Amino acid sequence: MPSIISIVKASLLVLPALASASGTLGVALGIHKVNDQTCKTTEDFIADLKTIKKETGSTVVRIYTTSQCKAIASLAPALKATGSKAIVGLWPTGTDTIFMEETDAIVDALKSYADQILGVTVGSEHLYRKELTGEQLSKMIETVQKRTKEVAPNVPVGFADSWNKIQDGTADPAVAQSDLVLANAFSYWQGQEINNGTHSFVDDIMQALQHVQTIKKKTNVNFWVGETNWPTGGKDFEKAIPNVTNAARYWKEAICGILAWGVDTFVFEAFDEPWKPAEKNNDVERHWGIMDINGKPKFDLKCPNV
Ligand SMILES: *[C@@H]1O[C@H](CO)[C@@H](O)[C@H](O)[C@H]1NC(C)=O
Ligand SMILES: *[C@@H]1O[C@H](CO)[C@@H](O)[C@H](O)[C@H]1NC(C)=O
């Protein structure tokens, strides 16, 4: 992949683990059951975690709320039972009390399950959706850090947002406050043809990582790809065509590729969620699973070099 090399040289960016091991693969996991959309129980999560490990080798998942569905209270014992870990998201906006409830739920889980929690993120693409400013997000991260560090001083707290909101400086106050940053990037939503999918993805992520390194004034930063993948159904988006062939190729080239370069990466998402609504006449949101609703892989989910 000569394009990656030229990007790295041009930016003097330092990859996190070039000399050491591959990056860690993580998988975003929904909290609702496929059949009736009720809340998953600890047993449901155990079954999911076993399937994810069997099909991908991954033992790391990501969720987006702690209090809805009592998600972290149900997930944490499942993580422990299966030897898995999670980066746990707090949903900080909505009702007046949600931020407090979300914070209370993670603090509670950390009291018993700190070893299972790889990190805590405040918000998901809240800057991208303009629901928070960088300053507001920074204050919320600080508030959560004060609470979590009392019970689990070593668990990093940060945020997750779209790569371009990290690259363009919108997130700077939040980056400065964070112990951990997750950057999302989807070549499908960049409207890229599959032939350019890996180039576009790596370019976007490297720009975000380089900006984080600049703000942090160090190269050794706790940085993950927060979400990426290629959908297997839905409508074409500009030059991006969603189908299984292209998703399989994106997996091998973009996802396995960036893992081999040492970048920790979450794939969005473990299983299809067929109840999700179509937006602008496009039901693509139902087709992001690397596995179908029965936990069957849509294509080979092993990475040859990882
Ligand atoms: C491929 O992606 C790069 C990086 O995002 C972009 O600069 C370039 O224009 C894209 N090429 C094509 C043919 O779309
Ligand atoms: C998926 O789309 C690509 C073009 O991007 C095409 O070459 C390929 O045949 C398609 N695969 C399927 C299964 O439709």
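Here, the structure is the one placed above.
Residues numbered from 1 in each chain as written. Chains lettered and ligands numbered in written order. Predicted model: local features only at pLDDT ≥ 70, side-chain atom pairs only at ≥ 80, totals over all residues. Heavy atoms only, no water.

### Brief notes about the pairing of strand 5 (residues 157-162)
- Most of strand 5 sits inside the fold, with six of its six residues counted as buried.
- Note that strand 4 (residues 117-124) and strand 5 share three bridges and pair parallel. Considered in strand 5, the bridge of Ser 124 is made with Ala 160.
- In this view, the connection linking strand 4 to its parallel neighbour strand 5 by way of helix 5 (residues 134-151) has right-handed handedness.
- Of the pairings in the sheet, the one linking strand 5 to strand 6 (residues 180-184) comprises five bridges and is parallel in character. (Buried < 20%, exposed > 50% of the residue type's maximum accessible area, 1.4 Å probe, protein only. Helix = DSSP H or I, 4+ residues; strand = E, 2+ residues; numbered from the N terminus. Pairing = 2+ DSSP bridges. Right-handed = clockwise from strand over helix to strand, strands pointing away.)

### Re the side chain of Lys 165
- Topologically, Lys 165 is positioned in helix 6 (residues 163-167).
- Filtering out sequence-adjacent residues up to four positions away, Lys 165 remains in contact with Leu 127, Tyr 128, Thr 170 and Ala 171. (Contact = heavy atoms within 4.5 Å.)

### Description of empty space enclosed by the protein
- Scanning the model with the defined rule gives one cavity of 30 Å³ or more in all.
- In this model, the largest cavity occupies a volume close to 60 Å³.
- Taken together, Ala 28, Leu 29, Gly 30, His 32, Val 34, Lys 40, Glu 269, Ala 270, Phe 271, Asp 272, Glu 273 and Trp 275 form the lining of the largest cavity.
- Considering only residue class, the lining of the largest cavity consists of six nonpolar, two polar and four charged. (1 Å grid on protein atoms, 1.4 Å probe; cavity = no way out; pocket = protein on both sides within 12 Å on 5 of 7 lines; lining within 4 Å. Points joined across faces, edges and corners; volume = space filled by probe spheres on them. Nonpolar A, V, L, I, M, F, W, Y, C, P; charged D, E, K, R; others polar.)

### Quick notes on the environment of Gln 136
- The topology assignment puts Gln 136 in helix 5.
- Placed 38 residues apart in sequence, Gln 136 and Ala 174 show a C-alpha to C-alpha distance of 8.3 Å.
- Of the polar contacts made by the side chain of Gln 136, one reaches the backbone nitrogen of Thr 133; its length is 2.8 Å. (Polar contact = N/O pair within 3.5 Å; in protein donor to acceptor, adjacent residues only side chain to side chain.)

### Examining the site of ligand 2
- Around ligand 2 sit Ile 194, Ile 241, Asn 243, Thr 245 and Asn 246, and that is every residue in its neighbourhood.
- Asn 243 places a side-chain nitrogen or oxygen 2.4 Å from an oxygen atom of ligand 2.
- Between ligand 2 and Asn 246 there is a distance of 2.9 Å, counted from an oxygen atom to a side-chain nitrogen or oxygen.
- Tallied by class, the residues present in the shell around ligand 2 amount to two nonpolar, three polar and no charged. (Near = heavy atom within 4 Å.)

### A look at the site of ligand 1
- Neighbouring ligand 1 are Gln 192, Asn 196, His 199, Ser 200, Asp 203 and Lys 239.
- When isolated, ligand 1 has an accessible area of 360 Å², and the protein chains bury 54% of it.
- Residues belonging to the shell around ligand 1 are distributed by class as follows: no nonpolar, four polar and two charged. (Areas by Shrake-Rupley, 256 points an atom, 1.4 Å probe, with all protein chains shown as cover.)

### With respect to the nonpolar core
- Of all hydrophobic cores here, the largest spans 82 residues; its most connected members are Ile 72, Leu 75, Phe 159, Phe 201, Phe 223 and Trp 251.
- For this core, the element with the most residues is helix 9 (residues 244-260), which contributes eight residues.
- Among residues more than four places away in sequence, those in contact with Leu 75 are Phe 45, Leu 49, Val 61, Ile 63 and Ala 86.
- Ranked by size, the runner-up nonpolar core spans seven residues in total, among them Val 60, Leu 180, Leu 182 and Trp 224. (Core = buried A, V, L, I, M, F, W, Y, C linked by side-chain atoms within 4.5 Å.)

### Comments concerning the state of the cysteines
- Across all of its chains, the model carries two disulfides by this definition.
- What pairs with Cys 39 in a disulfide is Cys 69, and their sulfur atoms sit 2.1 Å apart. Of note, the bridge from Cys 39 to Cys 69 carries an S-S torsion of about -75 degrees and is left-handed in sense. Taken as a pair, Cys 39 in the loop between strand 1 (25-28) and helix 2 (42-56) and Cys 69 in the loop between strand 2 (60-63) and helix 3 (71-82) lie far apart in primary sequence, 30 residues in all.
- Residue classification places Cys 39 among the partly exposed positions, given a relative accessible area of 34%.
- According to the relative accessible area criterion, Cys 69 is buried, its value standing at 16%.
- Look at the chain and number its bonded cysteines as they come in the sequence; the links are 1-2, 3-4. (Disulfide = S-S within 2.5 Å.)

### Concerning the sheet that holds strand 4
- An order of 1-2-3-4-5-6-7-8 is seen for the eight strands of this closed barrel, with the pairing classed as parallel. Strand-to-strand twist across the sheet, computed as the mean angle between neighbouring axes with direction ignored, equals 25 degrees.
- The strands touched by helix 3 within the sheet are strand 2, strand 3 (85-90) and strand 4, with strand 2 carrying the most contacts at an inclination of about 175 degrees.
- In the packing of helix 8 (residues 197-216) onto the sheet, contacts are made with strand 6 and strand 7 (223-227), and the angle to strand 7 comes to roughly 135 degrees. (Axes fitted to C-alpha atoms, helices over the stretch in contact; angles between N-to-C directions.)

### Brief notes about the packing of helix 2 against helix 3
- Relative orientation of the contacting elements helix 2 and helix 3 amounts to 45 degrees, with a least axis distance of 8 Å. Accordingly, the angle class assigned to the pair helix 2 and helix 3 is oblique. Where helix 2 crosses over helix 3, the two elements pack in a sense that is right-handed. Two secondary-structure elements touch here, helix 2 through Thr 42, Phe 45, Ile 46, Leu 49 and Lys 50 and helix 3 through Ala 71, Ala 73, Ser 74, Leu 75, Pro 77, Ala 78, Leu 79, Ala 81 and Thr 82. (Parallel < 35°, antiparallel > 145°, perpendicular 65-115°, else oblique. Left-handed = near helix turned anticlockwise from the far one by under 90°.)

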